[in-house]
Amino acid sequence: MKKIKIAIIGSGGHAKSCIEVIEGIKNIKIVGLIDNDPSKKIGKYKVICNEKNIIKLKKITKNLILGIGSLRDNLKRTMIFNKFKRLGFYFPSLISKNSFISKNSKIGEGTIIFHHVFINSGSEIGKNCIVNNKSLIEHDVKIHDHCHISTGVIINGNCEVFKGSFIGSGSVILNNLKIEKNSFIKMGTIKKI
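Rules behind the numbers
Along every chain, residues carry numbers that run from 1 in the direction the sequence is written. Local features in this predicted model are restricted to residues whose pLDDT is 70 or higher, and side-chain atom pairs enter the listing and the counts only when it is 80 or higher, whereas totals over whole chains, interfaces and linings include all residues. Side-chain calculation: all heavy atoms of the structure are included, whereas hydrogens and water are not. Only residues above 30% relative accessible area that lack a salt bridge enter a patch, with like-charged residues linked at up to 9 Å and the nonpolar side chains Val, Leu, Ile, Met, Phe, Trp and Tyr linked at up to 5 Å. Computed with a 1.4 Å probe, the accessible areas rest on the Shrake-Rupley method; for each residue, only the protein chains presented here act as cover. Just to be clear on terms, a salt bridge is a Lys or Arg side-chain nitrogen sitting within 4 Å of an Asp or Glu carboxyl oxygen. His is not counted here, nor are the chain ends, while Lys and Arg score as positive and Asp and Glu score as negative. A single reference atom marks each charge: NZ on Lys, CZ on Arg, CG on Asp, CD on Glu. Each helix is a run of DSSP H or I of at least 4 residues and each strand a run of E of at least 2, with the numbering of both proceeding from the N terminus. For two strands to be treated as a pair, DSSP must find no fewer than two bridges joining them. For every residue, the accessible area (1.4 Å probe, protein chains only) is compared with the maximum for its type, and the residue is labelled buried under 20%, exposed over 50%, or partly exposed between those bounds.

Draft legend 1. Up close: a positive patch on the surface. Taken together, the side chains of Lys-2, Lys-3, Lys-5, Lys-29 and Lys-44 present a region of like positive charge at the surface. Locating Lys-44 in the fold gives a position in the loop between β3 (41-42) and β4 (45-49).

Draft legend 2. Highlighting the sheet that holds strand β20 (residues 178-179). With parallel pairing, the five strands of this open sheet are ordered in space as β8-β11-β14-β17-β20. Two strands bound the open sheet, and with one partner strand each, they are β8 (106-107) and β20. Where strand β11 (residues 124-125) and strand β14 (residues 142-143) come together, two bridges link them in parallel fashion. If you follow Ile-125 over to β14, its bridge partner there is Ile-143.

Draft legend 3. Local environment of the pairing of strand β1 (residues 4-9). Bridge count between β1 and strand β2 (residues 28-34): six bridges; the pairing is parallel. What sits directly across from Ile-9, in β2, is Ile-34. Note that β1 and strand β5 (residues 64-66) share three bridges and pair parallel. Residue pairing across strands places Ala-7 opposite Leu-64, the latter belonging to β5.

Draft legend 4. Expanded view of the pattern of salt bridges. If you walk through the whole model with that rule in mind, you get three salt bridges. Residue Glu-109 is joined to Lys-85 by a salt bridge in which the shortest nitrogen-to-oxygen separation is 2.9 Å. With Glu-109 in the loop between β8 and β9 (112-113) and Lys-85 in helix α2 (residues 75-86), this residue pair connects regions lying 24 residues apart in the sequence. For Glu-109, a relative accessible area of 18% gives the class buried. Lys-178 is the salt-bridge partner of Glu-160, the closest N and O atoms lying 3.1 Å from each other. Within this pair, whereas Glu-160 is found in strand β17 (residues 160-161), its partner Lys-178 is found in strand β20, the two being separated by 18 residues in sequence. Overall, Lys-178 belongs to the exposed group, its relative accessible area being 57%.

Written out as structure tokens, the structure reads:
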């Protein structure tokens, strides 16, 4: 089986977590990191180019994963994603082999689903989202583009999370709620009507 080659933007903690997911996917091979500091590396993976010579990367692969996380504001991730899309790169969606994703759900381009996530029937996750470890996305939830659903979040049925929002670790969003665009929900929040 021919492996899909992929490069990772960034070399920090989120990039490390992305590597953990990617290494569990049999048909993907990591070719290296994209970072402006050529001395950076993660395990056996080294920096193979920076932003200035990114077009040369197309000779190796056009597939990227955004390995830069967000702690509060998803604007930087959104800008980077859009910049590389304009340059003709593609962001495959990545799903941990240890997660359950309903066949009746949809996952957008560039979204990464980490370990032990459960996404139920009828849910839609947009482009360039992070759904972090041990999150539960119940039935008919809609998460728009560029959102970060942090570790251990529970989003109950029929909720909608609008573009650019961050939901902190351990938060619980009760049924039928709408989370406004670019919202910041702090860790441990119980959001109800």
